[in-house]
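Listed here are the chains, written in short residue letters.
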Amino acid sequence: FSFHIPTAMADAMADPTASDETTTFSGGFTFGGGAEPDEDSQEEAESDHESDTPPEPVNFGRGRRITVSAQVYNAAQEAELFTPAVYDKSADDVATLTEVLAAHYLFKHLDDRELATVVSYMKPGQHTKGDRLCGEHKLFYVIVEGTCSVQAKDGSTTRQLGPKDTCGETEMMYFTEESSEYVTTSDVRTFSIDNNTYTRTLHSTFIQKRAKYVEFIKKVTFLKGLSQPECIQLADALQPKNFVAGETLIHCNNTPDYMYVILEGTVKVVGRDEKDEMIDVCEFEAGAIVGEMEFLHDHNNVADVVAQSDEVRTARLERKHFELCMGPLKDLLKHARKNDPVFAYYNKKRSAEKKQERDPEKGAVIDVVARWKPYTYAGQVKSMMKEGETRVTLTALGLGTETAIGTANRLTDGKFVTLKKVGTFLSARGVPGISITLDKAADFDTLLKEAEAKAAEAKAAEEEAKAAETKTQDAPAAEEQAEEKP
């Protein structure tokens, strides 16, 4: 069975619709071939490129009116210049407003410090029975004391509002006409905020939070490869969430919902031993990320993560945003975590679970990507078989198929493995892929020892040659120094 496959195969798999022609390889499977370039069109392109005659200038603006533009609205500058009034409040009023705003859809994305800022800007108001709230002022109200009826345009009462209820959100946000009227049915005490204060405060909060998160993201080791737009995208997707000592961020064996970035404080990872008893694994401080491995490998949580310090401030990322924001770094993160001693417990736990879940027809599965070279994956396969694996399957999509094929060729050339099975498939998004199953050769251990011995000899010879070359280069200088001595 000859498994050597031309590089053209990967190109054909990357674009299987490029041509109706097929290329057949020994072993009984075929892939679509790529079309050859048209010589006539290529010559025309070259002749066009060599032409020295510049094209006639075209005046697209002739006869059109001059563009008129307004002053650019700079949200960052406006937020810095805006200084709203601050109103004193009792501790009970602050607690009530914080509770109400924290649960309201307009403010629930703010953390406790940001909510405190909004609460400080809310203006107190007193209303007598029969007054109408909202009206032309377009304010958002929180009712602290008293009652208010919501009346339709025909004058009928649709519902009653009381303490901790709100009204005027839609009118304040969009300056729309009131769909209902809010009429006080007793003396009412309220706190309100107008559109200008709300908008500028939220702009300021958003800009400061984004800058803070982006600065933090750039300090995380494995996130340093993100571009500025990717950092901003990730920062905008993060949601603030705070915990107190003893509170659990992540529950063992539960389906993972969030990945957490630790901004302040310390958390403790509590795992399970062979007897399913709790064991302390490690601690993470500000700058660490927890919960990402469950997203990477799509499985339930393998440990509890508990707040250790009095207060732990985090920014969390939902699972549905993980692929969008972290996609470019998934493979790099997997590789980094695999060799990190801090994740020894996780890797051991997952290794045991994967052995129980694994398909015996495939054995251990390696997801191959184009980012890494064939010799990297060949070394990984050898290491796995050296530790006891007898069967390994390489799976790849798109351009990664060339890397998978190169890996298999490298291993079969060295007779470390025998080819068990080759299959092709399409992913859910229609990307062509390949699956290559390799079995450990009967004399694998002997061949590996011989290969390691040869590699050691070659390295020693190389070092000896370098030493000899250095000595030869230094010899004339040594002779000159000897001649200069009296």
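Residues numbered from 1 in each chain as written. Predicted model: local features only at pLDDT ≥ 70, side-chain atom pairs only at ≥ 80, totals over all residues. Heavy atoms only, no water.

Colleague: Could you give me a rundown of unusual backbone geometry, with the residues and numbers involved?
Modeller: Most peptide bonds adopt trans geometry, and most residues besides glycine take a negative phi value. Look at N253: it is not a glycine, yet its phi comes out positive at around 75°. Look at N253 and you get exposed, because its relative accessible area is 53%. Positive phi is not limited to glycine here, since D276 has a value of about 65°. Of note, D276 is situated in the loop between β14 (267-272) and β15 (278-284). Among the residues examined, D276 registers a relative accessible area of 56% and is labelled exposed. (Buried < 20%, exposed > 50% of the residue type's maximum accessible area, 1.4 Å probe, protein only. Helix = DSSP H or I, 4+ residues; strand = E, 2+ residues; numbered from the N terminus.)

Colleague: Would you mind going over the sheet that holds strand β16 (residues 289-290) in detail, with residue names and values included?
Modeller: The 4 strands lie next to each other as β11-β18-β13-β16, forming an open sheet whose pairing is antiparallel. Each edge of the open sheet is held by one strand with a lone partner, namely β11 (239-244) and β16. Here 6 bridges tie β11 to strand β18 (residues 311-318), and the two strands are oriented antiparallel to one another. When the bridges of β18 are listed, K241 appears paired with T314. Taken strand by strand, helix α7 (residues 195-217) contacts β11, β13 (258-264) and β18, and its axis lies near 95° from that of β13. (Pairing = 2+ DSSP bridges. Contact = heavy atoms within 4.5 Å. Axes fitted to C-alpha atoms, helices over the stretch in contact; angles between N-to-C directions.)

Colleague: Tell me about the sheet that holds strand β4 (residues 132-133), and please be specific about residues and values.
Modeller: Spatial ordering of the open sheet is given by β4-β9-β6-β7, a layout of 4 strands whose pairing is antiparallel. One side of each edge strand has no neighbouring strand; the edge strands of this open sheet are β4 and β7 (157-161). Sheet topology note: the strand β6 (residues 148-151)/strand β9 (residues 181-184) ladder contains 4 bridges and is antiparallel. Bridge pairing links C148 to T184 in β9.

Colleague: How would you sum up the pattern of salt bridges? Please name residues and give values.
Modeller: Counted according to the given criterion, the structure contains 16 salt bridges. Here R132 ties to E181 by a salt bridge, and the two come within 2.3 Å at their closest N and O atoms. A residue pair is termed long-range when its members are at least 10 positions apart, and R132 in strand β4 and E181 in strand β9 qualify at 49 residues. On the accessibility criterion, R132 (54% relative accessible area) is exposed. Its relative accessible area of 27% is what places E181 among the partly exposed residues. E462 is the salt-bridge partner of K466, the closest N and O atoms lying 3.7 Å from each other. In this pair, K466 and E462 both sit in helix α15 (residues 444-484), 4 residues apart, roughly one turn of the helix. Residue classification places E462 among the partly exposed positions, given a relative accessible area of 45%. What you see here is one network of salt bridges that share partners, running through D111, D112, E311 and R313. (Salt bridge = Lys/Arg side-chain N within 4 Å of Asp/Glu carboxyl O.)

Colleague: Give a detailed account of the packing of α7 against helix α8 (residues 228-237), specifying residues and quantitative values.
Modeller: Here α7 crosses α8 at 120°, and the two axes come no closer than 9 Å. With respect to their mutual orientation, α7 and α8 come out oblique. Helix-helix and strand crossings are classified by hand; for α7 and α8 the assignment is right-handed. Contacts from F206, R210, Y213, V214 and I217 in α7 reach Q228, C231, I232, L234, A235 and D236 in α8. Of the residues in the contact of α7 with α8, the class split is 8 nonpolar, 1 polar and 2 charged. (Parallel < 35°, antiparallel > 145°, perpendicular 65-115°, else oblique. Left-handed = near helix turned anticlockwise from the far one by under 90°. Nonpolar A, V, L, I, M, F, W, Y, C, P; charged D, E, K, R; others polar.)

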